[in-house]
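Examination of the molecular architecture
So the chains spell out like this:
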Amino acid sequence: MDNIGTLQEQIAEKQEELGIHQFGFTTTDKLSIHQGVRDLCEMNSCGRYGNSWACPPAVGTLEECREKLLSYDNIFTYTTKHDLEDSFDFEGMMAGREAHTRISLEVVKYFQSIYSGDVLILSGDGCTRCKKCTYPDEPCRFPQEIYPTVESYGVEVYALAKTVHINYINGKDTVTYFGCVLF
């Protein structure tokens, strides 16, 4: 992981300003990629399966996603943490998701300012850029701003959190969202 130490220092200096709760780096060969994660997408509990360019099946088969992930050497993973009134605070979860999306845009912009190579950005919250996605009838209106979900690529987020030594859950009455930049 060439220059990871430098990237880590630069991000640590901006961590609070960017709104990052925790972050870590690892190599992509340590990713746990499973069909079971994709199977959860197919259950469509979020309503985006087959309805978004950022979700399956639009992102490709699991094997295509695996190949794309492994075409990068490193992965920067970060989280945002949001407090809730209680574990049923759906409005708080949605507000946290919106905040995570805003924070992610700033994190990505900052990462690209300190790293000039090719990157793949994965989101923890799915694309909500458009009120109604054009999938599958027309191309994405904002292809440069679409970030597939981490899970849509079959990545087991719990295992990733353990690998990079960050919390998957950050305590009672909180919600944690993940984002990744592969480089």
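Here, every reference points to the structure presented above.
Residues numbered from 1 in each chain as written. Predicted model: local features only at pLDDT ≥ 70, side-chain atom pairs only at ≥ 80, totals over all residues. Heavy atoms only, no water.

1. Regarding the sheet that holds strand β3 (residues 120–122)
- Within the open sheet, the 4 strands sit side by side as β1-β2-β4-β3. Their pairing is antiparallel. Lying at the two open borders of the sheet, with one neighbouring strand each, are β1 (22–27) and β3. Sheet twist, expressed as the average angle between the axes of neighbouring strands with direction ignored, equals 20°.
- With 9 bridges joining them, strand β2 (residues 74–83) and strand β4 (residues 174–182) adopt antiparallel strand pairing. Bridging across to β4, Thr77 finds its partner in Cys180. (Pairing = 2+ DSSP bridges. Helix = DSSP H or I, 4+ residues; strand = E, 2+ residues; numbered from the N terminus. Axes fitted to C-alpha atoms, helices over the stretch in contact; angles between N-to-C directions.)

2. So, helix α1 (residues 4–18)
- At Ala12, α1 shows its maximal kink, close to 35°.
- Buried positions along α1 lie against β1, β2 and α4 (90–114).
- Gly19 occupies a position one or two residues after α1 and carries a positive phi of about 90°. (Bend = angle between axes of the 7 residues up to and from the residue. Contact = heavy atoms within 4.5 Å.)

3. Some thoughts on the pairing of β4
- Across the 9 residues of β4, 9 count as buried, placing the element largely inside the fold.
- Side chains Thr174, Thr176, Phe178, Cys180 and Leu182 project from β4 onto one buried face, and the interleaved Val175, Tyr177, Gly179 and Val181 project onto a second face that is buried too.
- When β3 meets β4, the two strands line up antiparallel, connected through 3 bridges. Bridge assignment links Ile121 to a residue of β4, and that residue is Val181. (Buried < 20%, exposed > 50% of the residue type's maximum accessible area, 1.4 Å probe, protein only.)

4. Describing the nonpolar core
- With 21 residues, the main nonpolar core has Leu31, Leu69, Leu122, Tyr153 and Leu182 as its most contacted residues.
- Sorting the residues of this core by element identifies α3 (62–70), β3, α5 (157–163) and β4 as the ones contributing at least two each.
- Discounting residues that sit within four places of it in the chain, Leu122 has contacts with Leu69, Pro148, Thr149, Val150, Tyr153, Gly179, Cys180 and Leu182.
- Ile11, Leu18, Val107 and Tyr147 belong to the second largest nonpolar core, which has 19 residues in total. (Core = buried A, V, L, I, M, F, W, Y, C linked by side-chain atoms within 4.5 Å.)

5. Remarks on the packing of α1 against α4
- Contact pair α1 / α4: the axes reach a minimum separation of 11 Å and the direction vectors enclose 150°. Compared by their axis directions, α1 and α4 come out roughly antiparallel. For the pair α1 and α4, the crossing hand works out as right-handed. Judged by residue contacts, Leu7, Gln10, Ile11, Lys14 and Leu18 of α1 engage Ile103, Glu106, Val107, Tyr110, Phe111 and Ile114 from α4. (Parallel < 35°, antiparallel > 145°, perpendicular 65-115°, else oblique. Left-handed = near helix turned anticlockwise from the far one by under 90°.)

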